[in-house]
Amino acid sequence: MDTSLHYLLHSGKNSKLLYYLRAVLSDIMPDGCFRARLQHELEHGRKAYDEAYIEDRVNYYCRLAAPVVLGDDAPMLGDLDKKGNSSTYYYDSREIVKWFPHAMRWRYLFGDVRDIPAEPTIVKSRDICPDNGNAVLLKLDKCRHFVYLKDKTDFRQKRDMAIFRGQVGTRENRIRFVGQWAGHPRIDAANTLAKGGLFATNPDGNATVPRLSLYDHLQYKYIMALEGNDVASNLKWVMSSRSLAVMPRPTCETWFMEGRLIPNVHYVEVRDDFADLIERMDHYTAHPDEADRIADAANAFVAQFRDERRERYIALRVMEKYLSLCNS
């Protein structure tokens, strides 16, 4: 069962124990140590990295172009408190804001966000739309979302099936997919047991099965990446593998820049009603070289997020831009 020690030790997910250990140790260090090093860190980044690439990503995450006056009730950076906030969002945001003066003001909205805020606000996710500039992306809840796998199994050796495992909840796309495909001989689709194990309840009322490890998923050629409350949280690790991510065109994005993914280049695109799923699977099963090219492109896209120091530098630049325009 998914609550077993085996699953806990071999799920393939990031270790929350290590995450919290590092986060707590970093958080207890005096903020002054980080503020004193900010200019050095920024100067190092300007010398070490391709500035055009950095600027492009900074401007993608923070699309503000002119000074903005935040409301009088905007909190100061120093007001951020773990109490009342999810601990992962607290620690991930603290990792960046502690480099800047406590008196600077900002707005933040933690959790699965889709609506665009009325004022410029730090968020984890935002809708992909032309007018999303007030939603400024930061790399939040990264322990859960930014998972990468080592996959040595060739696409041709995997099972010629698609798999979906996830909590269906109230998301119409997931309800439709499981209802449409559960039981199909080439689709392994099921609603997973709610977090909490055998004694948990499932508000959606659907039948459930135990979770599979991430590595169990890699036995399949095709892995469904279906959006949940915001993005498809499995998309990063699927794209780090030799299996193909299969999904409709994304409607939400995070630090992973889902809005820049190219259909049938980085993932296999299917219709919103999934009616062409088998047809798309048949095509890539018959043309494994094309499947390999998608896996190569997906792996290359993922690779840009794996340099942790560069990722922190980009986040510092995003916060620097955001704070300078909102505190002018």
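That block above? That's the structure.
Reference entry: report on the structure contained in this document. Because the structure is predicted, anything quoted here is derived from the model rather than measured.

Some points on the overall build of the protein chain
A tally of regular secondary structure across the protein chain gives twelve helices and ten strands. Compactness check: the protein chain gives a C-alpha radius of gyration of 21 Å against a globular reference of 20 Å for 328 residues, within 12% of the reference. Here the protein chain holds 328 residues, and the buried ones make up 50% of them. In the protein chain, the proportion of contacts linking residues at least 24 apart, taken out of those at least 6 apart, comes to 70%. Total accessible area computed for the protein chain in this model is approximately 15,500 Å², and 53% of it derives from carbon and sulfur atoms.

Describing the packing of helix α2 (residues 16–27) against helix α5 (residues 87–97)
Two elements in contact, α2 and α5, have axes separated by 10 Å at closest approach and are oriented at 50 degrees. Taken together, the axes of α2 and α5 lie oblique to each other. Considering the relative orientation of α2 and α5, their crossing is left-handed. Here Tyr-19, Tyr-20, Ala-23, Val-24 and Asp-27 of α2 come into contact with α5, specifically with Ser-87, Thr-88, Tyr-90, Tyr-91, Asp-92 and Arg-94. When its residues are assigned to classes, the contact of α2 with α5 shows six nonpolar, two polar and three charged.

Details of the sheet that holds strand β1 (residues 108–109)
Across the sheet, three strands lie side by side as β1-β2-β4; this open sheet has parallel pairing. The sheet is open, and its two borders are formed by β1 and β4 (135–137), each paired with just one other strand. Alignment of β1 against strand β2 (residues 121–123), held across two bridges, turns out to be parallel. Residue pairing for β2: Leu-109 is matched across the bridge by Val-123.

Thoughts on the packing of aromatic side chains
Here the structure, examined in full by the defined rule, presents 18 aromatic pairs. Considering the side-chain rings of Tyr-60 and Tyr-61, the 6.0 Å spacing of their centres and the 85 degrees angle between planes classify their relative orientation as edge-to-face. Judged by relative accessible area, which is 0%, Tyr-61 ranks as buried. Considering the side-chain rings of Phe-155 and Tyr-222, the 5.8 Å spacing of their centres and the 80 degrees angle between planes classify their relative orientation as edge-to-face. Taken together, the residues span a long stretch of sequence, with Phe-155 in the loop between α6 (142–145) and β5 (159–166) and Tyr-222 in strand β7 (residues 220–224) at a distance of 67 residues. For Phe-155, a relative accessible area of 1% puts it in the buried group.

Considering the sheet that holds strand β8 (residues 244–247)
If you walk across this open sheet you meet the five strands as β6-β5-β7-β8-β10, and the pairing is parallel. Strand pairing shows two members of the sheet lacking a second neighbour, β6 (187–191) and β10 (268–269), which therefore form its edges. Two strands pair when backbone bridges link them, and β5 and β7 are joined in this way by three bridges, in the parallel orientation. From the neighbouring strand, Ala-162 faces β7, where its bridge partner is Tyr-222.

What to know about the pairing of β6
Extensive coverage of β6 is indicated by the burial of five of its five residues. In β6, alternate side chains face the same way, and those of Ile-187, Ala-189 and Asn-191 on one face and Asp-188 and Ala-190 on the other are all buried. Pairing geometry for β5 and β6, over five bridges, is parallel. Residue Gly-166 lies in a different strand from β6, and its bridge partner there is Asn-191. Handedness of the β-α-β unit built from β5, helix α7 (residues 172–181) and β6 comes out right-handed.

Quick look at the nonpolar core
Core analysis: the biggest nonpolar cluster contains 70 residues, and Met-319 and Tyr-322 have the highest contact counts within it. The dominant element in this core, judged by the number of residues it contributes, is helix α12 (residues 308–326), at ten residues. Those residues in contact with Met-319, other than ones at most four positions away along the chain, are Ile-96, Val-97, Phe-100, Trp-106, Ile-122 and Leu-138. Counting 23 residues, the second-largest nonpolar core is a separate cluster that includes Phe-177, Ile-187, Val-268 and Met-281.

Regarding α12
Along its 19 residues, α12 runs 27 Å from first to last C-alpha, staying within 8% of the 27 Å computed at 1.5 Å per residue. Taking burial as the measure, the 19 residues of α12 include 14 buried ones, the bulk of the element. The backbone nitrogen of Arg-309 has a side-chain oxygen 3.3 Å away, supplied by the residue at the start of α12, namely Asp-307.

Rules and cut-offs
- Residues numbered from 1 in each chain as written.
- Predicted model: local features only at pLDDT ≥ 70, side-chain atom pairs only at ≥ 80, totals over all residues.
- Heavy atoms only, no water.
- Helix = DSSP H or I, 4+ residues; strand = E, 2+ residues; numbered from the N terminus.
- Rg over C-alpha atoms; globule rule 2.2 N^0.38 Å.
- Buried < 20%, exposed > 50% of the residue type's maximum accessible area, 1.4 Å probe, protein only.
- Contact = heavy atoms within 4.5 Å.
- Areas by Shrake-Rupley, 256 points an atom, 1.4 Å probe, with all protein chains shown as cover.
- Axes fitted to C-alpha atoms, helices over the stretch in contact; angles between N-to-C directions.
- Parallel < 35°, antiparallel > 145°, perpendicular 65-115°, else oblique.
- Left-handed = near helix turned anticlockwise from the far one by under 90°.
- Nonpolar A, V, L, I, M, F, W, Y, C, P; charged D, E, K, R; others polar.
- Pairing = 2+ DSSP bridges.
- Phe/Tyr/Trp six-rings, centres within 6.5 Å; stacked < 30°, edge-to-face > 60°.
- Right-handed = clockwise from strand over helix to strand, strands pointing away.
- Core = buried A, V, L, I, M, F, W, Y, C linked by side-chain atoms within 4.5 Å.
- Expected span 1.5 Å × (residues − 1).
- Polar contact = N/O pair within 3.5 Å; in protein donor to acceptor, adjacent residues only side chain to side chain.

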